[in-house]
Amino acid sequence: MVGALLAFLTIGALTGCGAPPEVRDPAAAPSGVTTPTASGPTGVPTGTPSSTPSGPPVATPSATRDPGLVATACRNGPTGERVVQLLRGRASVLPDNVRVRVRTGPLCAADWQYTVLEVTGHEELQVVTRGRPATPQLVTAGTDVCTIEVRATGPAGIRTLACDAAPAVQPGA
């Protein structure tokens, strides 16, 4: 029984999806005798293919691609200064007397932003915000900003920066 099943599977694998068209249609098989063919359309495409595709359209990159896939420099804000103001304000993450310099960003993906700050006398501070550029909302700030919220709801471009990137993130990453 096992031997018969094995033989059946081997034959199936060797035969593939069927015979080539030349073998299925005996009239199409070469006979060894050449005869002149009539000029004109034969139904077989020759020359250059037409520019009209036949079949379903293939997805190509376009201007309508998902804005959250890649984080890029924010065109409409927020500014690095606005992110620092947010951290010094109601969030109370940064005291007023510490010097801060924006090292990276803000980088935007969809309506999320990622910024890296150099804080004098402290470790580098990563900041993830979201919302309108003029009034961003703090999602998280710290040395490790790959939180559950960022992983679960953040756009791919922000997740990549916050969770996958090395500490030395460069602008435009």
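Calculation rules
Residues numbered from 1 in each chain as written. Predicted model: local features only at pLDDT ≥ 70, side-chain atom pairs only at ≥ 80, totals over all residues. Heavy atoms only, no water. Helix = DSSP H or I, 4+ residues; strand = E, 2+ residues; numbered from the N terminus. Buried < 20%, exposed > 50% of the residue type's maximum accessible area, 1.4 Å probe, protein only. Contact = heavy atoms within 4.5 Å. Areas by Shrake-Rupley, 256 points an atom, 1.4 Å probe, with all protein chains shown as cover. Core = buried A, V, L, I, M, F, W, Y, C linked by side-chain atoms within 4.5 Å. Disulfide = S-S within 2.5 Å.

Enquirer: Mind laying out the overall build of the protein chain, listing which residues take part and the relevant values?
Expert: Helix and strand counts for the protein chain come out as 5 helices and 5 strands. Moving toward the C terminus, one meets the helices and strands of the protein chain in the order α-α-β-α-β-β-β-β-α-α. Within the span of the protein chain, comprising 173 residues, buried residues form 25% of the whole. Summarising the internal contacts of the protein chain: among those between residues at least 6 apart in sequence, 45% fall at separations of at least 24. Carbon and sulfur atoms provide 59% of the accessible area of the protein chain, an area that totals close to 12500 Å².

Enquirer: Summarise the nonpolar core; cite the residues concerned and give the values.
Expert: Membership of the largest hydrophobic core comes to 13 residues, with the highest contact counts inside it found for Trp112, Tyr114, Val128, Val150, Ile158 and Ala162. Among the secondary structure elements, those contributing two or more residues to this core are β2 (100–109), β3 (112–119) and α5 (156–164). The residues contacting Val128, other than those within four sequence positions of it, are Trp112, Gln113, Tyr114, Gln137, Leu138, Val139, Thr140, Val145, Val150, Ile158 and Ala162. Counting 9 residues, the second-largest nonpolar core is a separate cluster that includes Val84, Val98, Leu117 and Val119.

Enquirer: Describe in detail the state of the cysteines, supporting the description with residues and values.
Expert: Scanning the model with the defined rule gives 2 disulfides in all. Across the disulfide from Cys74 sits Cys108; the S-S distance is 1.8 Å. Around the S-S axis, the bridge from Cys74 to Cys108 shows a dihedral of about 105 degrees and counts as right-handed. Taken together, the positions of Cys74 in the loop between β1 (72–73) and α3 (80–88) and Cys108 in strand β2 put the pair 34 residues apart, joining distant regions of the chain. The residues Cys74 and Cys108 share a single accessibility class, namely buried. Across the disulfide from Cys146 sits Cys163; the S-S distance is 2.0 Å. Because the sign of the S-S torsion sets the handedness, a value of about 100 degrees for the bond joining Cys146 and Cys163 places this disulfide among the right-handed ones. Note that Cys146 is positioned in the loop between β5 (137–142) and α4 (148–153) and Cys163 in helix α5, a separation of 17 residues in sequence. You can call Cys146 buried: its relative accessible area is 16%. For Cys163, a relative accessible area of 27% puts it in the partly exposed group. Cysteines bonded in the protein chain are numbered consecutively along the chain; their disulfide partners then correspond to 1-2, 3-4.

Enquirer: So what about the environment of Val93? Which residues, and what values?
Expert: The residue Val93 is located in the loop between α3 and β2 in this model. Look at Val93 and you get partly exposed, because its relative accessible area is 35%. Note: C-alpha distance between Val93 and Gly142 (49 residues apart in sequence) is 9.0 Å. Excluding anything up to four places from it in sequence, Val93 contacts Leu87, Leu125, Leu138 and Ala141.

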